[in-house]
Amino acid sequence: MNVEHQYKQKAFQIIARLLHETDYTDNFEVFSHALLKTLKDMVPKAELTLFLLNRNMDYLTPRFTTDKELEVKNQDLILSYNEICDAMLQDHQIRLITKTTSNRLGFLNDWYEDFVIFPLEKDDKLFSVLVFGVQEEKIHAQIKEDFFDLVTESTNVLYRLLTYENVFEEQKRKELLLQVTKKFYSSMDVSAILREIIEALKQVFPSFDIHLLLSHEWKVTDDLPVMQLNYDLDKDEVATNAYLTGKIQIEDNIKDRKSIVHAPLRGKQGVYGVLKIMASYSFVFPKHEIDFIEVLADTGGNAIENAELYQQSRQLVEDLQLINKTSHQLNLNLRLSETISYMTNQIKTSFNAIEIGFFMFRSNGDVEVIEGSTSYFLRDTTLTEIQTFCDQIQKDKDSIFIGDLAAQQPYRLKPFRSFIAVPMVQSGELIGAVFIVHDLAYHFSFNKFKLLQSLIHHSTLAFTNSMLHEELEKLVITDHLTRLYARKYLDEKIEESMKKDAYGCFILIDIDNFKKINDEYGHQVGDDIIIQVGNLLKNNIKSEDIAARWGGEELAVYLSKVDHEVGYIVAERIRRKVAEKTNPRVTISCGVSVWKQVDESKSIKTLLNQADQALYTAKRTGKNVVVVYNEKNC
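Residues numbered from 1 in each chain as written. Predicted model: local features only at pLDDT ≥ 70, side-chain atom pairs only at ≥ 80, totals over all residues. Heavy atoms only, no water.

1. Here we look at the packing of helix α13 (residues 487-500) against helix α17 (residues 604-620)
At their nearest, the axes of α13 and α17 sit 10 Å apart, and the two run at 115 degrees to each other. Where α13 crosses over α17, the two elements pack in a sense that is right-handed. Counting all contacts with α13, which are made through Arg487, Asp491, Ile494, Glu495 and Met498, the residues of α17 involved are Ile604, Leu607 and Leu608. Within the contact of α13 with α17, the residues separate by chemical class into five nonpolar, no polar and three charged. (Axes fitted to C-alpha atoms, helices over the stretch in contact; angles between N-to-C directions. Helix = DSSP H or I, 4+ residues; strand = E, 2+ residues; numbered from the N terminus. Left-handed = near helix turned anticlockwise from the far one by under 90°. Contact = heavy atoms within 4.5 Å. Nonpolar A, V, L, I, M, F, W, Y, C, P; charged D, E, K, R; others polar.)

Here you go:
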């Protein structure tokens, strides 16, 4: 047996032992570590590193090493494929590279005192190299030969295991894509889909930096590496181009040893963001990896689109249900105050608004807040604050949407930040507006803004009908000149009071010397005097009391649950105010009567007759006086 055959036989025995010790492993990493350990045991002073060729066939990077220092720095160390091939050509016979045959191999010349590179080839194609280096001495020629045989005989095993690893990894990625796709289409939650994309990439690229640049403001959990896409080309040109073109963009920065992939999250209707994957330390993404990233990004983009469309459709259905329910409720002939109260509650619930105000624009330019609005908008100071917004709506007849009131100059409606105002327009005529506010900036989304516009548009007819209904009611029960209640309505209220109350008071009022006023100033001034006295009546009684026009220059007031003593005080106050406030100056005479539940003879007719007799007494005894009915003086 010759020496060469002995070396090969020995190499076969070592490889057979390694396979036996590793239980005939199909794991590339396990066998590689075992081989390096065996070589290290043969030459304890040596350090061994296995470099693998990347898929783009331009660099070799360290995969396994026995050199602790090199293991720490291995991400910074690469070998050029072209330089390795050039060095191999210099000594084609023994098919190894030494320090003396090449001085262009970068860090190795500085790292080791002496080194040998053993190329690993399959079908004359380089796929890996094994670097054998020593720090303080030269490598003996015999060691090179021993190692060469062992490495050469190990090549087939290493190539087979590496190929199996690549196939296995490819299969794992296909299975991963299948699993992720199933999860994508079983979820309608954008946040859950984004998390699946991140986790899938981390399984494949555990050491890479991964970010999601999103074009929409979806609500996602804080632990996800998500940020808003910056559309400024100067700040992130590549990511912006990926978003705008819908095509994958790759940056390979050889100088900084960094590669970045920007994969657009594409759906059928648009692009929803960019997946940014950053690999440092000279990793160049091969086509195989790019294909995987692109498929994952496209699958994720379609899933995001489906989830978004699902959420939009659900929201649209909810919005339509809200509009339909509200329109139906408002068409039940509710009174205006009930209509506004209902709408206020609906807006609070659906828009999470803190304060809601409903305003009417009167023909004289006044802005009137409608009962049913929330307390903030019922304050007089608030009406001054909103005047500018009302003027803008009356001018443009368009809605106002402000994300942050604090950014406006001057800052109105403090301390609120978010603001929406929607005009109420019926048959082309502006009748009022609805204001809603919140104390957080940008609280109302644009979709909520559009929904409020639609809701008010569909509700305005109901508002108008309620107002017209109340106006007609008021016309029936009020006097057209004084706007006091009509006599018929007064009679009805007295009758109701006599059925439920214990007692009540009636005041009949007559303007003294009214004919003289008409003769001296004319009937128009006479009408104005009646209006003045009517207003003084309303201003000097409680809201639950009833002031009415009795007929001609006679007016009346009914006070429920009031006795003759309080009735006299009220009548006297009115008499005094009329004498002080009217222009031209007039006086009034008042007759006061009362009823009690214990009186068997009580009736409206009796009550009115007694007040009329008291009034007659007041007129006969000098006018400008209040007389309370009793049987002795009337």
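2. Quick word on the sheet that holds strand β1 (residues 47-53)
The strand order across the open sheet built from six strands is β3-β2-β1-β6-β5-β4, with neighbouring strands paired in antiparallel fashion. Since the sheet does not close on itself, it has two edges, and those belong to β3 (79-80) and β4 (97-98), each with one partner. Sheet topology note: the strand β5 (residues 114-122)/strand β6 (residues 125-134) ladder contains nine bridges and is antiparallel. Paired with aspartate 114 across the two strands is valine 134, which belongs to β6. (Pairing = 2+ DSSP bridges.)

3. Quick word on the pairing of strand β20 (residues 588-596)
Taking burial as the measure, the nine residues of β20 include seven buried ones, the bulk of the element. The pairing of strand β17 (residues 503-511) with β20 spans nine bridges and is antiparallel. When the sheet's bridge partners are listed, isoleucine 507 is paired in β20 with valine 592. Direction of pairing for β20 relative to strand β21 (residues 626-628): parallel, over a ladder of three bridges. The partner of valine 592 across the bridge, within β21, is valine 628. A crossover connection joins β20 to the parallel β21 through α17; in handedness this β-α-β unit is left-handed. (Buried < 20%, exposed > 50% of the residue type's maximum accessible area, 1.4 Å probe, protein only. Right-handed = clockwise from strand over helix to strand, strands pointing away.)

4. Quick look at the packing of aromatic side chains
All told, the structure shown has 16 aromatic pairs when counted by the stated rule. With 5.6 Å between their ring centres and 80 degrees between their planes, phenylalanine 359 and phenylalanine 377 make a pair best called edge-to-face. One end of the pair, phenylalanine 359, is in strand β12 (residues 355-361); the other, phenylalanine 377, is in the loop between β13 (367-369) and α11 (380-396), with 18 residues separating them in the sequence. The exposure class assigned to phenylalanine 377 is buried, which follows from its relative accessible area of 0%. Linked through ring pairs, Phe359, Tyr376, Phe377, Phe389, Phe416, Phe419 and Phe435 together constitute an aromatic cluster. (Phe/Tyr/Trp six-rings, centres within 6.5 Å; stacked < 30°, edge-to-face > 60°.)

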